[in-house]
Amino acid sequence: MKYLRLLPVLLLGAMLVSCNTTKKLYEAQEYDQVIQRLAPDICHGDMNAKRINYVAASYHKANQADHERIQALKALGQPEVWPEIYQRYCSMKGRNDALACFPNKVKNGMNYVKLDLEDDMMAARTKAESFLVAKASQLLSTGSKADAEEAGIYIRQLAHTNRENPNLLSLRKKQAFCLADEVTMCIADNVDMSDDIEDAIFNFDAGEVPFKVARTRRQSAMVCVGIEDVTVSPIRLDEVTFKEEKNGKTAMVTDYTQHRSATYKGYIDYRDEDGRPLGRVPFEVSSTFNHDYTLVSGDQEACSEETLRRLGGRSVPIPTDESLLLDAAKKLNDLIGQELRK
């Protein structure tokens, strides 16, 4: 019985502490914290008038402050204001969504109106992303490590604004490469390949990539090429035979095509100097051998000009697996170089 009598006292104490904390947050103008703290309980039926009044006042004061700040920033007419404008729109929408589950009686009493901010948010986000990409790119173009460190502020803002921005990986790569004294590169140990092929993948011409490259076997390298599949097609000989006639003369024409290809499929993993992943880019690179030639039986005077133009060819030796794979490796090297320069 003693414990049962103690329970209401504990509950009352907890309520008093909660109320006191809410009051302090409100007086400190931490309006969003007030809403986060109380709105879920009101959604679940807590009709405490004092709590509802705290939420209502916090909601309107916070939205009014954001609205006034947005108008002031827009009046400046500067591109750098858009990231803050977008975040303030997001805050307004977040508050509006948090109160959407309130009973209608409560909504009416606090003059709650569902805000339609989607168009304004999308426009602000587009302008914010444009500014952040341009600013980070400008800082990274100097080659200065100090500027690259500063660019990280804008890159993080860009990720917070839109994690799917198509420029994000490129900017992260450029910053990581700019901050590094050299860029380590590796090939994942998931397939066997000759030293010549591995050299073909990683030997870059002078000036082909904008930094010093060091080779390593560590999977945590800043750039790691993972080759998931290597395919060499069987030798194929396609042929098509048809008849040609002219001036009563006839010839049988056969067009031949020799075909073979080698393909690498995989990915390029990017990491920063501390091994944190930046992103992954898939690739598929092929080296294809095609050789066409034509043979004619019968009277060549029956042949068209196109057929006569193709005459004179013959079958040639098909490239070996190794030669096709080596050529494909050189193409992969070109692709990697293009990726690293983006």
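Residues numbered from 1 in each chain as written. Predicted model: local features only at pLDDT ≥ 70, side-chain atom pairs only at ≥ 80, totals over all residues. Heavy atoms only, no water.

1. Some remarks on the pattern of salt bridges
Link 1 in the chain: Across all of its chains, the model carries 26 salt bridges by this definition.
Link 2 in the chain: Across the pair D66 and R95 runs a salt bridge whose closest N-O atoms are separated by 2.7 Å. Taken as a pair, D66 in helix α3 (residues 49-76) and R95 in helix α4 (residues 82-98) lie far apart in primary sequence, 29 residues in all. Of the two residues examined, D66 and R95, each falls in the buried class.
Link 3 in the chain: Within the structure, one salt-bridge network assembled from shared partners comprises D32, D66, R69, E84, R88 and R95. (Salt bridge = Lys/Arg side-chain N within 4 Å of Asp/Glu carboxyl O. Helix = DSSP H or I, 4+ residues; strand = E, 2+ residues; numbered from the N terminus. Buried < 20%, exposed > 50% of the residue type's maximum accessible area, 1.4 Å probe, protein only.)

2. Remarks on the side chain of S261
Link 1 in the chain: On the secondary structure map, S261 appears in strand β5 (residues 249-271).
Link 2 in the chain: Excluding residues within four positions of it along the chain, S261 makes contact with T231, V232, S233, S287, T288 and L324. (Contact = heavy atoms within 4.5 Å.)

3. What about the nonpolar core?
Link 1 in the chain: Among the nonpolar cores identified, the biggest contains 33 residues, and I201, I336 and L340 are the most heavily contacted of them.
Link 2 in the chain: Among the elements of the structure, α8 (168-179), β1 (183-187), α9 (195-202), β3 (223-232), β5, β6 (277-298) and α11 (321-341) are those that each provide at least two residues to this core.
Link 3 in the chain: Here this core takes seven residues from α11, the largest share from any one element.
Link 4 in the chain: Apart from the residues within four sequence positions on either side, I336 is in contact with M185, I201, F204, V225 and I268.
Link 5 in the chain: If you look at the next biggest cluster of nonpolar residues, it comprises 19 residues, including I35, L99, F102 and M110. (Core = buried A, V, L, I, M, F, W, Y, C linked by side-chain atoms within 4.5 Å.)

4. A look at the confidence of the model for the protein
Link 1 in the chain: Residues at a pLDDT of 70 or more form 94% of the protein, whose mean pLDDT is 89.
Link 2 in the chain: Within the protein, the element-level pLDDT minimum falls on helix α1 (residues 2-27), averaging 57, and the maximum on helix α6 (residues 118-140), averaging 97. (pLDDT = per-residue confidence, 0-100.)

5. A closer look at the pairing of strand β4 (residues 236-246)
Link 1 in the chain: Bridge count for β4 against β5 is 11 bridges, and the pairing is antiparallel. What sits directly across from R236, in β5, is H259. (Pairing = 2+ DSSP bridges.)

6. Looking at the state of the cysteines
Between two cysteines, a covalent bond joining their sulfur atoms is known as a disulfide.
Link 1 in the chain: Per the counting criterion, the structure on display carries two disulfides.
Link 2 in the chain: Between C43 and C101 runs a disulfide, and the two sulfur atoms are separated by 1.6 Å. An S-S torsion of about 50 degrees defines the bridge between C43 and C101 as right-handed. Taken together, the residues span a long stretch of sequence, with C43 in helix α2 (residues 31-43) and C101 in the loop between α4 and α5 (104-109) at a distance of 58 residues.
Link 3 in the chain: Using a relative accessible area of 42% as the deciding quantity, one classes C101 as partly exposed.
Link 4 in the chain: In this model C186 forms its disulfide with C224; the gap between the sulfur atoms is 2.3 Å. Of note, the bridge from C186 to C224 carries an S-S torsion of about -95 degrees and is left-handed in sense. With C186 in strand β1 and C224 in strand β3, this pair connects stretches of sequence that are 38 residues apart.
Link 5 in the chain: Accessibility expressed as a relative area gives 1% for C186, which makes it buried.
Link 6 in the chain: Owing to a relative accessible area of 4%, C224 belongs among the buried residues under this scheme. (Disulfide = S-S within 2.5 Å.)

7. Regarding the environment of K342
Link 1 in the chain: Structurally, the position occupied by K342 is in the segment after α11.
Link 2 in the chain: Each C-alpha atom of the pair K342 and K145 lies 18 Å from the other, and the pair is 197 residues apart in sequence.
Link 3 in the chain: When sequence neighbours within four positions are dropped, the list of residues in contact with K342 reads S170, K173 and K174.

8. So, the packing of α6 against helix α7 (residues 145-161)
Link 1 in the chain: Two numbers describe how α6 lies on α7: the axes approach to 8 Å, and their chain directions differ by 160 degrees. Put simply, α6 runs roughly antiparallel to α7. The handedness of the crossing between α6 and α7 comes out as left-handed. Only D147, A148, E150, A151, Y154, I155, Q157, L158 and T161 of α7 make contact with α6, whose side of the interface consists of R125, A128, E129, F131, L132, V133, K135, A136, L139 and L140.
Link 2 in the chain: By residue class, the composition of the contact of α6 with α7 is 12 nonpolar, two polar and five charged. (Axes fitted to C-alpha atoms, helices over the stretch in contact; angles between N-to-C directions. Parallel < 35°, antiparallel > 145°, perpendicular 65-115°, else oblique. Left-handed = near helix turned anticlockwise from the far one by under 90°. Nonpolar A, V, L, I, M, F, W, Y, C, P; charged D, E, K, R; others polar.)

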